[in-house]
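Spelled out, the chains give:
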Amino acid sequence: MTLEEKLGQLAQYGGAGTRIDPKHRAWIREGRVGSFLSVYGAALTRELQTIAVEESRLGIPLLFAYDVIHGFRTTFPVPLAEAASFSPELAGEAARVAAIEAAAAGIHWTFAPMVDVARDARWGRVVEGAGEDPYLGAVMAAARVRGFQGRDVAAPDALLACAKHFAAYGAAEGGRDYNTADISEATLRDVYLPPFRAAVDAGVASFMSSFNEIAGVPSTANRRLLTAILRGEWQFDGLVVSDWSSVGELVAHGFAGDRAHAGRLALAAGTDIDMASGIYGADLIADARAGRLSAAVIDRAVRRVLRAKERAGLFDDPYRHSDAERERRVTLTTAHREAARRVARESIVLLGNRGGLLPLSPAISTLAVIGPLADDREASLGPWSMRGEPKDAVTVLDGIRRALPRARVLYQRGVPVEGKDPAGLAAAVRLARRAEVVVLVVGESHRMSGEARSRSSIALPGEQAELARRVIAANPRTAVLLMNGRPLAIPELAAAAPALVETWFLGVETGNAVADVLFAAHNPSGKLPVSFPAATGQAPTYYNHKSTGRPAVATEEWSSKYFDAPIEPVFPFGHGLSYTRFDYRDLRVSPAEVDASGTAVVEFELANVGDRAGLEVAQLYARDPVGSTTRPVQELKGFARVALAPRERRRVRIELPAAMFAFYGEDGRRAVEPGEIRVQVGSSSSDIRLRGAFHIVGPRTPAPDRVLFSAARADEIGGAGGDKAGGTGGSAVVGAQRRQ
Ligand code: GLC
């Protein structure tokens, strides 16, 4: 390979869907392009691949990448919604469908899953990840990687996955996108890295470096992150792509003096492909000739890119992903829509249901649907919906009308998402008065979350809070649905709404999934993957916080609380109600003592004590009350999704390896420390039903930097009569994660 051809493999250029910059065809022929992003369609990808393979000197195939974040044409719920299902199985299924559709359209590589832990609701990209918890984030990261890549990443319906944005992008100060992340080594290691490590263990093919710096070193040129940790400690053998122009942005960071310097730093640090800044493919040629860039560094990156192409099967058949007939056959099928509806249903979180307003009777004769988002097809798809088409979306209004074909379902927008409309407000209130029941939909537009969408206030935008106040006053039988891409500060609405349902952005089947829950075709089981602060000023708010020397207590004046706001979130991590009720009883933790290599077993009984079948995500939290460095007051260490028929009981068993309690200590080493471990089991991080403890004994024991998962199962105890809701007899499969 010539120097130009080598650097060409490291150059990635952006397209515009089914169009590319005319000059790029010549560049492909000259061997100056290794991959494209945002170029899709069987026809165009086949045409460009033919130029690369048939007309360039070496015939090296192109990689086509795209942001297949939550579906390709069949848009699934946004990742934050999917995380609320607490179902790695469903997340994997959604990624698999996305891969099948995208691969048929010529895509080889998706820039997903986004696995950034996000603790600050002001940050717009909360919507793209799995929320605030490292454990849930790791479970979802592994599941989505496996879903995208399938059993064989060279298969015609598989995508190379990409864990992004490495690393600590969600730790941006002020929740402001692209901002500085200044965190300790322990926080980096114990909070932000675990989902990335889980992605490596799941076999992820690539990483994307993040825009931000960590403590003065931008990730895209962070040798310790990209080489020492990723390739050294974790033995990752895939490739790293920069984020859009993040190589060039090293100059703006003040980390590089000019473009060529930026390119040298990024390539040497371990960023193999330069997305869109054009530096690797152009500015580095002179540097390489002048000896300012070693051939070994270039060759190392080229080998990684060629190995990724080989892994994707491109040297066997460069055209396997560009199949127009398959693209037509597998795109937006009924089966895919049904999968999207299933994932959407399971992602819905019932936040409040005073007086049992929900579920609604399907015999209603006049139902009012009010709110600007109820009839918004684009909002239904959410941000990063890419190839999703609004015309395909079933809105909340559509879904309710389909579910109640004989009822009068009347609609009023009320107010816009942003801005004012007094006339609309009055009309909405009049309609609310006339209807038997009101479904009010409020929240954010899909343009308010996602990249470069940080908000300085996380209150309901516009006049929607006033709309809600007036509609609820006009008709107390009002169910409020939220459509939003982040936690919202809605204390007044939470207090006033007779029923409150979190629906996020649920994708192409939004309306059908919402109707399934509103009219009880599906009993909601979602749980919040993020805490909902009581005020913007509380951000960042997360459940797994440190204690401090003066833990916040509302009645303690001299404690770590706000003078002018409550300290507790309005809705805590893990919160989610059901149309039935679950009872937790008879906790047993054994053995009382385990050494660092041992496993504690937590068992309890879970019963459905209501009259509807339902599914409970039983959560297991733990606390290490004393450590050589301080530990969080709570940490999710396992969960079990248990489907129960009315009056059915199951014995839940969760195995906790002691090594799950390893953390980075003062000496910068990861170890398991002796001492008490307090165990909490419950329906949310604050709804704790059972408490116990065990002890880790023996010396402080070094632990590998691995992500370990607890293993959960639920065994039948005794028939309860009635049909089993999802019970598989024996031990129902319940959110069990593979132990590494
Ligand atoms: C964007 C995003 C990244 C995305 C990339 C390509 O700036 O940060 O998540 O994959 O550019 O679209």
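Residues numbered from 1 in each chain as written. Predicted model: local features only at pLDDT ≥ 70, side-chain atom pairs only at ≥ 80, totals over all residues. Heavy atoms only, no water.

## Some points on the overall build of the chain
Reasoning step 1: Scanning the chain from N- to C-terminus turns up 21 helices and 29 strands.
Reasoning step 2: For the chain, the C-alpha radius of gyration of 26 Å lies close to 27 Å, the compact-globule estimate for 740 residues.
Reasoning step 3: When burial is assessed residue by residue, the chain has 64% of its 740 residues classed as buried.
Reasoning step 4: Considering only contacts within the chain whose residues lie at least 6 apart along the sequence, 78% involve residues at least 24 apart.
Reasoning step 5: Accessible surface computed for the chain: about 25,500 Å², of which carbon and sulfur atoms make up 50%.
Reasoning step 6: In the chain, 89 positive and 86 negative side-chain charges are present, and the distance between their average locations comes to 2 Å. (Helix = DSSP H or I, 4+ residues; strand = E, 2+ residues; numbered from the N terminus. Rg over C-alpha atoms; globule rule 2.2 N^0.38 Å. Buried < 20%, exposed > 50% of the residue type's maximum accessible area, 1.4 Å probe, protein only. Contact = heavy atoms within 4.5 Å. Areas by Shrake-Rupley, 256 points an atom, 1.4 Å probe, with all protein chains shown as cover. Lys, Arg positive; Asp, Glu negative; His and termini not counted. Charge placed at Lys NZ, Arg CZ, Asp CG, Glu CD.)

## Comments concerning the side chain of N353
Reasoning step 1: Looking at where N353 falls in the secondary structure, it is placed in strand β11 (residues 349–353).
Reasoning step 2: N353 gets classed as buried once you look at its relative accessible area, which sits at 19%.
Reasoning step 3: Within the structure, N353 has its side chain in polar contact with the backbone nitrogen of L357 (distance 3.2 Å).
Reasoning step 4: Contact partners of N353, with chain neighbours within four places excluded, come to L358, P498, A499, L577 and Y579. (Polar contact = N/O pair within 3.5 Å; in protein donor to acceptor, adjacent residues only side chain to side chain.)

## Remarks on unusual backbone geometry
Reasoning step 1: Residue P113 is bonded to the preceding A112 through a cis peptide linkage, with omega at 10 degrees.
Reasoning step 2: Turning to its location among the elements, P113 is positioned in the loop between β4 (109–110) and α6 (134–149).
Reasoning step 3: Cis geometry is adopted by the peptide bond preceding A167, which originates at F166 and carries an omega value of 5 degrees.
Reasoning step 4: Mapped onto the fold, A167 is located in the loop between β5 (162–166) and α7 (185–192).
Reasoning step 5: Even without glycine at this site, F86 takes up a positive phi of about 55 degrees.
Reasoning step 6: Within the element layout of this structure, F86 appears in the loop between α4 (79–84) and α5 (88–104).
Reasoning step 7: Look at F86 and you get buried, because its relative accessible area is 0%.

## Observations concerning the site of the ligand
Reasoning step 1: Inspection of the region around the ligand gives 13 residues, with D67, R125, K164, H165 and D243 positioned closest.
Reasoning step 2: One of the side-chain nitrogen or oxygen atoms of D67 is found 2.5 Å away from an oxygen atom of the ligand.
Reasoning step 3: Within the contact set of the ligand, an oxygen atom lies 2.8 Å away from a side-chain nitrogen or oxygen of R125.
Reasoning step 4: Protein chains shield 92% of the accessible area of the ligand, which is 310 Å² for the free molecule.
Reasoning step 5: Across the shell around the ligand, the residue classes tally to 7 nonpolar, 1 polar and 5 charged. (Near = heavy atom within 4 Å. Nonpolar A, V, L, I, M, F, W, Y, C, P; charged D, E, K, R; others polar.)

## Thoughts on the sheet that holds strand β16 (residues 499–502)
Reasoning step 1: An order of β11-β16-β15-β14-β12-β13 is seen for the 6 strands of this open sheet, with the pairing classed as mixed. Of all the strands in the sheet, just β11 and β13 (408–412) have a single pairing partner and so form its edges. The average undirected angle you get between the axes of adjacent strands in this sheet is 20 degrees.
Reasoning step 2: Examined bridge by bridge, strand β14 (residues 437–443) and strand β15 (residues 478–483) share 6 bridges and lie parallel to one another. Bridge assignment links V439 to a residue of β15, and that residue is A479.
Reasoning step 3: Along the sheet, helix α17 (residues 396–403) contacts β12 (366–370), β13, β14 and β15; its crossing angle with β13, the most-contacted strand, is approximately 165 degrees. (Pairing = 2+ DSSP bridges. Axes fitted to C-alpha atoms, helices over the stretch in contact; angles between N-to-C directions.)

Everything listed here is a matter of coordinates, which is why it stays silent on function.
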